[in-house]
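If you want the building blocks of each chain, they are given just below.
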Amino acid sequence: MGRPLDIELPPAHDPIAPAGPRWIQIPSLGVDAPVEARGLDAAGAIDPPPFERARTVGWFGSGTRPGAAGAALLVGHVDTETRPAVFYGLSAARPGEKIRITRTDDTIAEFTIDDVQVHPREGFDPGKVYGAREPHRAELRLITCGGTFDRAAGVYTANVVVSAYLTATED
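What counts, and where the lines are drawn
- Residues numbered from 1 in each chain as written.
- Predicted model: local features only at pLDDT ≥ 70, side-chain atom pairs only at ≥ 80, totals over all residues.
- Heavy atoms only, no water.
- Helix = DSSP H or I, 4+ residues; strand = E, 2+ residues; numbered from the N terminus.
- Rg over C-alpha atoms; globule rule 2.2 N^0.38 Å.
- Buried < 20%, exposed > 50% of the residue type's maximum accessible area, 1.4 Å probe, protein only.
- Contact = heavy atoms within 4.5 Å.
- Areas by Shrake-Rupley, 256 points an atom, 1.4 Å probe, with all protein chains shown as cover.
- Lys, Arg positive; Asp, Glu negative; His and termini not counted.
- Charge placed at Lys NZ, Arg CZ, Asp CG, Glu CD.
- Pairing = 2+ DSSP bridges.
- Axes fitted to C-alpha atoms, helices over the stretch in contact; angles between N-to-C directions.
- Salt bridge = Lys/Arg side-chain N within 4 Å of Asp/Glu carboxyl O.
- Core = buried A, V, L, I, M, F, W, Y, C linked by side-chain atoms within 4.5 Å.

A. A look at the overall build of the chain. Looking only at helices and strands, the chain features 1 helix and 8 strands. Ordered by position in the sequence, the α and β elements of the chain form the string β-β-β-β-β-β-α-β-β. The globule rule puts the C-alpha radius of gyration for 171 residues at 16 Å, and the 15 Å found for the chain is close to it. Looking at the chain residue by residue over its 171 residues, the buried ones come to 45%. Of the contacts made within the chain by residues no fewer than 6 positions apart, 61% connect residues no fewer than 24 positions apart. For the chain, the exposed surface amounts to about 8700 Å²; the carbon and sulfur share of it is 51%. Averaged over its 17 positive side-chain charges, the chain has a centre that lies 2 Å from the centre of its 23 negative ones.

B. Summary view of the sheet that holds strand β8 (residues 155-170). Read once around its circumference, the closed barrel built from 8 strands follows the order β1-β2-β3-β4-β7-β8-β6-β5, with strand pairing classed as mixed. Geometrically, the sheet is characterised by an average inter-axis angle of 35 degrees between neighbouring strands, direction not taken into account. As defined by bridge partners, strand β1 (residues 21-26) adjoins strand β5 (residues 98-103) across 4 bridges and the pair is classed as antiparallel. Residue W23 lies in a different strand from β5, and its bridge partner there is T102.

C. Structural context of the pattern of salt bridges. Applying the stated criterion to the full structure yields 12 salt bridges. What you see here is one network of salt bridges that share partners, running through D114, E134, R137, E139 and R141.

D. Here's a closer look at the side chain of E110. Structurally, E110 can be placed in strand β6 (residues 108-120). Excluding residues that lie within four positions of it along the chain, E110 makes contacts with K98, I99, R100, Y165, L166, T167 and A168.

E. The nonpolar core, seen in detail. Among the nonpolar cores identified, the biggest contains 27 residues, and I24, L74, F87, I99, L140 and L142 are the most heavily contacted of them. Sorting the residues of this core by element identifies β1, β2 (31-38), β3 (57-60), β4 (70-75), β5, β6, β7 (138-150) and β8 as the ones contributing at least two each. Within the second largest apolar cluster, 7 residues are counted, among which are I46, F60, L73 and V129.

F. Summary view of the pairing of β4. Burial runs high along β4: 6 of the 6 residues are buried. The pairing of β3 with β4 spans 2 bridges and is classified as antiparallel. The residue of β4 that forms the bridge with W59 is L74. Summarising the sheet, β4 and β7 pair through 6 bridges and their orientation is parallel.

G. Representation of the environment of T104 within the structure. With respect to the helices, strands and loops of the structure, T104 is situated in the loop between β5 and β6. For the pair formed by T104 and A19, sequence separation is 85 residues and the distance between their alpha carbons is 5.8 Å. Setting aside anything within four residues of it in sequence, one finds T104 in contact with A19, G20, P21 and R22.

H. Just the side chain of T56, in detail. The residue T56 is located in the loop between β2 and β3 in this model. T56 has contacts with P34, E36, P49 and V86, leaving out every residue within four places of it along the chain.

Put into structure tokens, the structure is as follows:
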């Protein structure tokens, strides 16, 4: 995965005033879902919405707001025991594709995907994965489960992490 060298990505837009996210759209993946603020679980990871709301995306509400400088973190389930969930197709995202976040101030922040990676759970470095790559740039990280499902442990062996940066806004 990662970014192909022949993709010309647009320039970054300056960060905008902070506002929380309400809705996310990823047209290339068919994602069109509500976003709700979430905290951390007992293990210190971002707590996704419960499986009963597997079509909802969770945003780390104590962190960066999408469009503000830094990396805003959004999580979603890849599947449930019976069906695909909101980020089921996230590993198919490609650099250059768009992510639209409708914010609580009614503006839309548009992000361009610049990287897609799979990080094994073992040795996972949250600071490296979740941190902003360029200072003073507005970035997103979309995170879901990936790798293979370990039935004995009841978890996936990796995380899919899509990185994007702010490239446009709409009022």
